[in-house]
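Here is what each chain is made of, one letter per residue.
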Amino acid sequence: MVTEVEIVSKELIKPSSPTPHHLRTHLLSFLDQFLPPIYVPMVLFYMNNETSIPPADNIADNSRRTRLLKESLSETLNLFYPFAGRIEDHHLSVDCNDEGAYYVEARVNHRLGELLELTDSSYVPQLLPATSAGGYVAMIQVTSFACGSVVVGTRFSHMVADATSITSFLRSWASVTRKSDDDAVLPDFDASVVFPQNVAFSKEATSTLMTTFLKERTCRTTRIVFDASAIASLKARAASSSLPNPTRVEVVSALITKCIITTLKSKSDTRKSTLINHTVNLRQRAVPQIPKTSIGNFLCVAAALVTENESELDNLVRLLRKAIRKIDDYGWGKPTWVCKASAESEAAIENTVLLMDTIENGIEALVFLEEQHMVMLEQNQELLAFATLGQSPLNLTI
């Protein structure tokens, strides 16, 4: 099925009130400085299950919804004012100049259900604002469908916001749109107070650090879904006397890691150790805890070195737990589906796995691998015993 996304309009949505002068400069924190100038993509799918609405009414509803989304976005940007600004050339601050968030309206002359019934999600990048727009902190594309459904695709500068920050923004925007305070967030932009920036730390040093551990190239992406019963079986299999209660994330991460290690070793006669890097949210692990409403990058990487003799599931879980525990004491309604995606033609971080909860206590993993390795991973029987590949998002119940 060929999906044609028609761009209707492009504009900048400014905050409804000007940012006070004393807030015009938002300093990035030291942890923000480690992030490369990339965007975090996120796509939220909202199904309209009312099939009896005439097409003319759908058009009117779309017009009202578009106006409401713009107005509520403008109000939300009052609180999240750096998201309406520009990152300064030296990459140490955001000029909160109220230039606005980049906003695209688009439409598709199909029902959203037709897309979500597909097991191939290669259409998802078309629902995101184009990276060629670049330079903005926040970029948003709202795509309306013939059935009245809507998809919200966002790209946020990773130098300014991590996934928790983005989730706080989206929840606040939804809350303002519904005129409800249920999920409203009062964001805290004091990250540079907790982790003061280092003006002597150059962006060149960041680039060198990132390229040391990460390879950026065109990869193939696959979605792997673990339901609750499969995860329960994995937890039972991975449990040991030294670690009797592994977590959901630990066992899924360990199994995917084990299968990727097997795949990579089959392509090389060299026996190498494997370094696993697991991103950890510092907010709940810091002492005292950092508020969930803190905006910025409160991330740390837990690293575990795995030798050839330690690649069994229970050992991998133990090593992951040990690495992550070292980080302790570090001093609009519910969408039908939420995903992160990049276009197949775009460079991606090779050997990367992104995990996302499903609503019934399952986990969906988005895996980025080189083509030759992905083919082998998709045939790994140990992985297939616990997970489903190519599942329709409609059967996923995120």
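The present account deals with the structure reproduced in this document. Keep in mind it's a predicted model, so treat the numbers as computed, not measured.

1. Side note on the sheet that holds strand β10 (residues 220–226)
Reasoning step 1: Across the sheet, which stays open at both edges, the four strands sit in the order β15-β16-β10-β17 with antiparallel pairing between neighbours. Every other strand in the sheet has two partners, leaving β15 (352–357) and β17 (388–389) as the edge strands with one partner each.
Reasoning step 2: Pairing of β10 with strand β16 (residues 363–369) involves seven bridges; the strand directions are antiparallel. Opposite V225, over in β16, you have E364 as the bridge partner.
Reasoning step 3: Here helix α7 (residues 248–266) sits on the sheet in contact with β10, β15 and β16, set at roughly 30 degrees to β16.

2. Some details on helix α6 (residues 228–238)
Reasoning step 1: Taken together, the buried positions of α6 are A230, I231, L234 and A238. What you see down the axis of α6 is that its buried residues fit within an arc of 100 degrees, all on one side. Away from its buried face by more than 90 degrees, α6 exposes S229 and A236.
Reasoning step 2: Looking at the packing, one finds that the buried side of α6 touches β10, α7, α8 (313–325) and β16.

3. Re the packing of aromatic side chains
Reasoning step 1: Summed over the entire model, instances satisfying the criterion amount to 12 aromatic pairs.
Reasoning step 2: Centroid distance Y102 to Y136: 5.3 Å. Interplanar angle 15 degrees. Geometry classified as stacked. Of the two residues, Y102 sits in strand β6 (residues 101–108) while Y136 sits in the loop between α2 (112–116) and β7 (138–145), which places them 34 residues apart along the sequence. Exposure class is identical for Y102 and Y136. Each is buried.
Reasoning step 3: Of the aromatic side chains, those joined through ring pairs into one cluster are F80, Y81, F83, F156, F169, W173 and F189.
Reasoning step 4: Positioned over the ring face of Y136 is R86, at 4.2 Å from the centre of the ring.

4. Remarks on the sheet that holds strand β5 (residues 93–95)
Reasoning step 1: Taken in spatial order, the three strands line up as β2-β5-β4 in an open sheet, and their pairing is antiparallel. Two strands in the sheet have a free side with no partner beyond their single neighbour: β2 (25–27) and β4 (86–87).
Reasoning step 2: Direction of pairing for β4 relative to β5: antiparallel, over a ladder of two bridges. Its bridge partner being in β5, I87 is matched across the sheet by V94.

5. Considering a nonpolar patch on the surface
Reasoning step 1: Together, V249, V353 and L355 give the surface a local cluster of nonpolar side chains, amounting to about 180 Å² of exposed area.
Reasoning step 2: Structurally, V353 can be placed in strand β15.

So, how was this worked out
Residues numbered from 1 in each chain as written. Predicted model: local features only at pLDDT ≥ 70, side-chain atom pairs only at ≥ 80, totals over all residues. Heavy atoms only, no water. Pairing = 2+ DSSP bridges. Helix = DSSP H or I, 4+ residues; strand = E, 2+ residues; numbered from the N terminus. Contact = heavy atoms within 4.5 Å. Axes fitted to C-alpha atoms, helices over the stretch in contact; angles between N-to-C directions. Buried < 20%, exposed > 50% of the residue type's maximum accessible area, 1.4 Å probe, protein only. Arc of directions from axis to C-beta. Phe/Tyr/Trp six-rings, centres within 6.5 Å; stacked < 30°, edge-to-face > 60°. Lys NZ or Arg CZ within 6 Å of the ring centre and 35° of its normal. Patch = residues over 30% accessible without salt bridge, like charges linked within 9 Å, V, L, I, M, F, W, Y side chains within 5 Å. Areas by Shrake-Rupley, 256 points an atom, 1.4 Å probe, with all protein chains shown as cover. Salt bridge = Lys/Arg side-chain N within 4 Å of Asp/Glu carboxyl O.

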